[in-house]
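# Analysis of the macromolecular model
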Amino acid sequence: MKFSGNWLRKLVDHQCSNEELAYKLTMAGLEVESVVPVAPFFDRVVIAEVVSVQKHANADRLNVCKVDVGSHSDDPLQIVCGAPNVVAGMKTVCALVGAQLPRLNIKQGKIRGVESFGMLCSAKELGLESEVDGLVELPDDASAGMDFRDYSELDDSVFTLKLTPNRADCLGMFGIAREVAAITAGKFNLPKITPVNSVIADVLQVQIEEHQSCPLYCGRIVRNIDSRTQTPSWMLQYLVRAGLRPISPVVDITNFVMLETGQPMHAFDLAKIGKGAEQKICVRYANANEHLLLLNGEDISLREDLLVIADGAKPLALAGIMGGSESGVGENTTDIFLESAFFSPDAVSGKSFKLGFGSDSLHRFERGVDFSMTRAALERATSLILEICGGKAGPIAEVSNDLPSRDAVRVRQERVARILGVDFGIDLISEYFQRLQFSYSVEGGTFYVIPPASRFDLVIEEDFIEELARIHGYDSIPAQLPKASIHMLAEPETGISSIKRLRQILIARDYQEVINYTFVDAQWEADFSGNSSPIKLKNPIASHMDVMRSSLLGGLINNLQFNLNRKQNRVRIFEVGSCFGASENKNSEVENLAVLCSGSVYPEQWGIGERTIDFYDVKMDIESLFLPRHVNFEPAVHPALHPGKSARVWVDKKPIGWIGELHPRWQSKYQLSQTAVLFELQTAAFTREALPVMQTFSKFPPVRRDIAVVVENNVSAIKLLEVMNSEKDKNISEISLFDLYSGKNLAQGKKSLAFRILLQSTERNLTDQEIDQSVNKLVDTLGREFGATLRG
C-alpha cells in the first residue's frame, strides 16, 4: 500500500516527522517498507506564463521567449528556449537565475548572442517523472509567480506499507489515518460524507442470486455527465503517488474513493447494460460457455465458480475482481451506473491464482472490506462525480442480506495484565479502546468490545490484548524475566520412545536424515503405494507436486536417483514425516519412518571385502530399533517392492509396516543403476517401551542342546519359535535358529531347521533327566502342531 504523506496529514494531525511516523507505524505492526521523497531538492522554480515566442536569429531550433514570472520580476523575463512544445500563452515552469536544480545551477548568460535570464524546465530537468517530452504544461488556472513546489505539493513523501494479510483495514487512507490517530493520539479529520439528493427517479433493478457471496449491493444511476472533462490535479497527484495510472475522470474518481475508503467501486456505461427487460443488474455465478472481455484486454472463458455481475442477457464484470471492457466507461459516456458492494472473502479468495492475474479490488475483497462504508463510499463517489463531471443522480438501489456478525468479545483486565506483564488499569484500557474507535462497555474489570466492521482479524480476547500492546507500544513494555518454580517431571520407564531416540539409533547405524516435501507427484502414489485416489491439492505449487503423499518411499527413491546421477553409489538415508490418507468421511494424517539403503554394506576399505546390501542387513536395522521387543516378518506383496523379496512387519501381533527390495519395474522406470532395500513403519508402533525386569544372575553353567526338525517348506521358522517360546518351561533360557537345510536326504517339499536350546537354572545344576524332559516337551509340541519330526 503506497500513499502520500501530505494526504495523511490532511486526515490526521499527528505532528510527527516522516522518520518518526515510519518508526511508530512499524513498531505498531504496520511495517513501513520505504519512505521516498516525491521530488529531489530544487529551489527558485516558479510558475511562469509565456507571453510571446520569437525565433532565434542565429539558431533554427531555438526560440526567444518573454516570460511572466509574477512578483519575481517587474517586467517579463527574456529566456532562450529550445523546447519543441513552447507556445505563447502556455503556463509552464521557470527556473530563475540562481536556482539550484538536481543536475545544474541556473546563471544569467548568452545563448548564440542573446541574453537569457533563466530556464524554462521540463519534468526531467527537475528530476520528476513525466510522459510529456518537452516543457511542463500546467493548467490555465495556475498562478504565475507561485512556487512550483508549493503548487504541486512536492515537499511530500510516498510511504510504502508492507501489510500483513490480516490488516485489510489499512488498504484505505481512512484506515491508515485511524491507525495513526490511535498510535499518536492525533486528531482525526475525516472528510464529511453527506448523502446526495436524488434529482431524477431513475433506478436500475438489482437482483442478488447469491446472498452469501454478495450480502450487500448498492448502486445508483447518474445521468448527463461530461466524460471529457479533466481530472483535478490534486486528485491526479494522490493517484500517481499511490501507484495508480490516471485513466478518465469517472474511473479516477472510483479509484480515488477506493484509496480513500478502502471500498472498491466500479462504474458501468448505462447504455451498455441490456435493453428493455434485460436492463438490470444480477449478481450470480457464471454459466457454462460464457465469455467476458476484461478491461485488461483478456478474453476469458468463465468457469462456474466465478461470481459475475450481469444484466439480463450477459455477464458485465467479474464480481470483486475486474470490470468488462464492453460495459466500461469511455469518453463518449453520458449515463453511468455506479456500483459499491460487499463481496464475501470466500467468494473471491484464490481466484487470482486460477485466473493468472489480480487487481486492486480483488486484493481488498479477499482480505475483507469494511461493509459499513459500502453505502458511504457510493455517496462520496457520487458527490465527486457531480462536482467534477456534472450530471444528475438518482436514488440508491440497495439489496442487503446477512452481513458478518459483530459480536462483543470479553476482555478481562487481569488477563491483559497476565499476558502483557503490565497492569494498564481500567482508565488506560478505556483510553486505548477509544483511540482505536472500538465500541465497548465495562462491567467491573471486564470489557465487552464490539470489533468494528473494518477489522476481520479481531475475533478472540487475545486479539484485543494485542491491540492494547500495539497502541501502548511494544518498546514501552518493560522487559521482565519470567518467575516460575521449576520441578523435574518424572519419566515413566514404560514411557514413549521418542522420535529423537529413533533418529539417534539410525544415525549411529550410518544413516543420514533427509526431509522431503509432503506434496508429491501423483504418479509416485500410483507406482509406490498403488494409490489411485490420493488427496489432491487445490493450489499446487508445481504441476509435479499436485497430491499429498500417503507414503515416504517416493521421496526416498527420488533422493536415491539424485545421488546416483551424481556418482554417489552408497546411499543410506531415512525420513520421519507425515503421510496422508483419504477415507469416505474424512482425511487422516499419520507419522511414518522410512529407510532406504543402496550400494555396499560398508564404505570401501582394505579390511573387509565389498558386499552389496541385502534384505537381512536392513531387517537387522528394524530389529535394533525395537530392542528388546520382538519383531516378526511375514512374506507379503507390496506395490513398490519385489514380490519375492518383501515382507509385512508385525509387532505385538499388529501390522506396522513393510520391508523389501525395490521392484525391478520401478528400478527400470526411474533409471536407477542399482537396486535398493527399503522399509516403512508407523511411528505409533514405537510409542510404548517394555518395562525392564530384573532377573537373578545364575551361578550355574548353561547347558546347550541342539535339535534339527524336518517340516514342510511352507512352515516358517518364526512360527516354530513362537510355539516353542510359548510352551517352554522355566529351565529353558533361550531358543534360537542357527541352521536351515534342504536338499539331499530330505523328502520332496521338506526342509530341516536346526535350533539351539540353552537351559540354565538359578538354583542348581540341571540333571540329564530334567534337560531331556524340557527338550522332549518342545519336540512333542512341534510334532503335534506342525507334524515336525527329528532329523536322523
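Just so we're clear, the structure is a prediction, and the values are computed from it rather than from any experiment.

On to the packing of helix 6 (residues 249-261) against helix 10 (residues 374-389), then. Relative orientation and spacing of two packed helices are given, respectively, by the angle between their axes and the distance between those axes. Where helix 6 meets helix 10, the axes come as close as 10 Å, and the angle between the chain directions of the two elements is 145 degrees. In this structure, helix 6 meets helix 10 at a crossing whose hand is right-handed. Between helix 6, through Pro249, Val250, Ile253, Phe256, Val257, Glu260 and Thr261, and helix 10, the contact on the second element is made entirely by Ala377, Arg380, Ala381, Leu384, Ile385, Ile388 and Cys389. Residue composition of the contact of helix 6 with helix 10, grouped by class: 11 nonpolar, one polar and two charged.

Okay, the pairing of strand 11 (residues 157-162) next. Taking burial as the measure, the six residues of strand 11 include five buried ones, the bulk of the element. As defined by bridge partners, strand 1 (residues 2-4) adjoins strand 11 across three bridges and the pair is classed as antiparallel. In the sheet register, phenylalanine 3 faces strand 11, and the bridge partner there is phenylalanine 159. Both strand 3 (residues 31-37) and strand 11 contribute to a ladder of six bridges, which runs antiparallel. Counterpart to valine 36 in the pairing with strand 11 is valine 158.

The subject of this paragraph is the sheet that holds strand 6 (residues 77-81). Strand pairing in a sheet relies on backbone hydrogen bonds. The paired strands run either parallel or antiparallel. Read across the sheet, five strands follow the order 6-5-4-7-10 without closing on themselves; strand pairing throughout is antiparallel. Edge positions in the open sheet fall to strand 6 and strand 10 (119-120), since each of these has one partner strand only. When strand 4 (residues 45-55) meets strand 5 (residues 63-68), the two strands line up antiparallel, connected through six bridges. Paired with serine 52 across the two strands is lysine 66, which belongs to strand 5.

What follows concerns the pattern of salt bridges. Opposite charge on two side chains allows them to pair when their charged atoms are near. Within the structure shown, the criterion is met by 41 salt bridges. Between arginine 284 and glutamate 290 there is a salt bridge, and its shortest N-O distance comes to 3.0 Å. Of the two residues examined, arginine 284 and glutamate 290, each falls in the buried class. Between arginine 455 and aspartate 457 there is a salt bridge, with the nearest N and O atoms lying 2.9 Å from each other. Assessed through its relative accessible area of 4%, arginine 455 is described here as buried. With relative accessibility at 17%, the residue aspartate 457 sits in the buried group.

Once that is clear, we can look at empty space enclosed by the protein. Once rolled over the atoms, a probe with the size of a water molecule shows which space is left empty. Taken as a whole and judged by the stated rule, the model has two cavities of 30 Å³ or more. Quantified by volume, the largest cavity comes out at close to 140 Å³. In this structure, the largest cavity is lined by 16 residues; those nearest its centre are Ala168, Asp169, Thr261, Gly262 and Asp370. The dominant element in the lining of the largest cavity, judged by the number of residues it contributes, is helix 4 (residues 173-184), at three residues. When its residues are assigned to classes, the lining of the largest cavity shows five nonpolar, seven polar and four charged. Considering only enclosed or pocket space, the second largest cavity measures out at about 60 Å³ in volume. In this structure, the second largest cavity is lined by Tyr517, Val520, Trp524, Glu525, Phe528, Ser529, Arg549, Ser551, Gly554 and Gly555. For the lining of the second largest cavity, the elements supplying multiple residues, two or more each, are helix 15 (522-529) and helix 16 (553-564). Counting residues per element, the lining of the second largest cavity draws most heavily on helix 15, which supplies four residues. Residues of the lining of the second largest cavity, tallied by class, amount to four nonpolar, four polar and two charged.

Moving on, we get to helix 13 (residues 461-472). Along its 12 residues, helix 13 runs 17 Å from first to last C-alpha, staying within 8% of the 16 Å computed at 1.5 Å per residue. Of all 12 residues in helix 13, nine are buried, a share of seventy percent or more. Where the residues of helix 13 are buried, they touch helix 4, strand 25 (409-412), helix 11 (413-420), helix 12 (425-435) and strand 27 (446-450). Within two residues after helix 13, glycine 473 carries a phi angle of roughly 105 degrees, on the positive side.

The next subject is the side chain of asparagine 632. Structurally, asparagine 632 can be placed in strand 33 (residues 631-635). In this structure the side chain of asparagine 632 is engaged in a polar contact, spanning 2.7 Å, whose partner is the side chain of glutamate 722. Among residues more than four places away in sequence, those in contact with asparagine 632 are Arg648, Val649, Trp650, Ile718 and Glu722.

On to the state of the cysteines. What the rule picks out here adds up to zero disulfides. Here cysteine 121 is not disulfide-linked; the sulfur of cysteine 94 is the nearest cysteine sulfur, at 6.7 Å. Of all cysteine sulfurs in the structure, the one in cysteine 218 sits closest to cysteine 214, which takes part in no disulfide; the separation is 9.2 Å. The class for cysteine 214 is buried, based on a relative accessible area of 1%.

Attention now moves to the nonpolar core. Core analysis: the largest hydrophobic core is formed by 119 residues, its most contacted members being Tyr217, Leu318 and Phe337. The biggest single contributor to this core is helix 4, with eight residues. Leu593, Phe615, Val631 and Val649 belong to the second-largest nonpolar core, a separate cluster that totals 29 residues.

Counting buried positions along strand 35 (residues 654-662) gives seven out of nine residues, so the element sits mostly inside the fold. Strand direction decides the pairing type here: strand 34 (residues 641-651) and strand 35, joined by seven bridges, are antiparallel. Paired with leucine 641 across the two strands is leucine 662, which belongs to strand 35.

Rules behind the numbers
- Each chain carries its own residue numbering, running from 1 in the written order of its sequence.
- For a predicted model such as this one, the threshold for reporting local features is a pLDDT of at least 70, and the threshold for listing and counting side-chain atom pairs is 80 or more; totals across whole chains, interfaces and linings nevertheless cover every residue.
- The side-chain values count all of the structure's non-hydrogen atoms but skip hydrogen atoms and water molecules.
- Interaxial angle, 0 to 180 degrees, is taken between N-to-C directions of lines fitted to C-alpha atoms, where a helix line uses only the stretch in contact.
- Here a strand is any run of E in DSSP of at least two residues, a helix any run of H or I of at least four, and the numbering for each starts at the N terminus.
- Should the near helix be turned counterclockwise from the far one by less than a right angle, the crossing is left-handed, whereas a clockwise turn marks it as right-handed.
- When checking whether two residues touch, look at their non-hydrogen atoms; a contact exists if any pair is within 4.5 Å.
- Any residue that is not Ala, Val, Leu, Ile, Met, Phe, Trp, Tyr, Cys, Pro, Asp, Glu, Lys or Arg is counted as polar, Gly included; the first ten are nonpolar and the last four charged.
- Working definition: with a 1.4 Å probe on protein chains only, accessible area under 20% of the residue-type maximum means buried, over 50% means exposed, and in between means partly exposed.
- Strands qualify as paired when DSSP identifies two bridges or more between them.
- Between Lys or Arg on one side and Asp or Glu on the other, a salt bridge is scored when a side-chain nitrogen of the former is within 4 Å of a carboxyl oxygen of the latter.
- Both site types are read off a 1 Å grid over the protein atoms alone. A 1.4 Å probe that fits but cannot get out defines a cavity, while an open set with protein on both sides within 12 Å along at least five of seven lines defines a pocket; lining residues have an atom within 4 Å of a point.
- Grid points are joined across faces, edges and corners, and a volume is the space filled by probe spheres set on the points.
- Between the first and last residue of a helix there are one fewer steps than residues, each counted as 1.5 Å, and that sum is the expected span.
- Contacts described as polar in this section are N or O atom pairs within 3.5 Å, which, within protein, must combine one atom able to donate a hydrogen with one able to accept it, while residues neighboring in sequence count only if both atoms come from side chains.
- Disulfide: a pair of cysteine sulfur atoms within 2.5 Å of each other.
- Take the buried Ala, Val, Leu, Ile, Met, Phe, Trp, Tyr and Cys residues and link them wherever side-chain atoms come within 4.5 Å; each set so joined is a nonpolar core.

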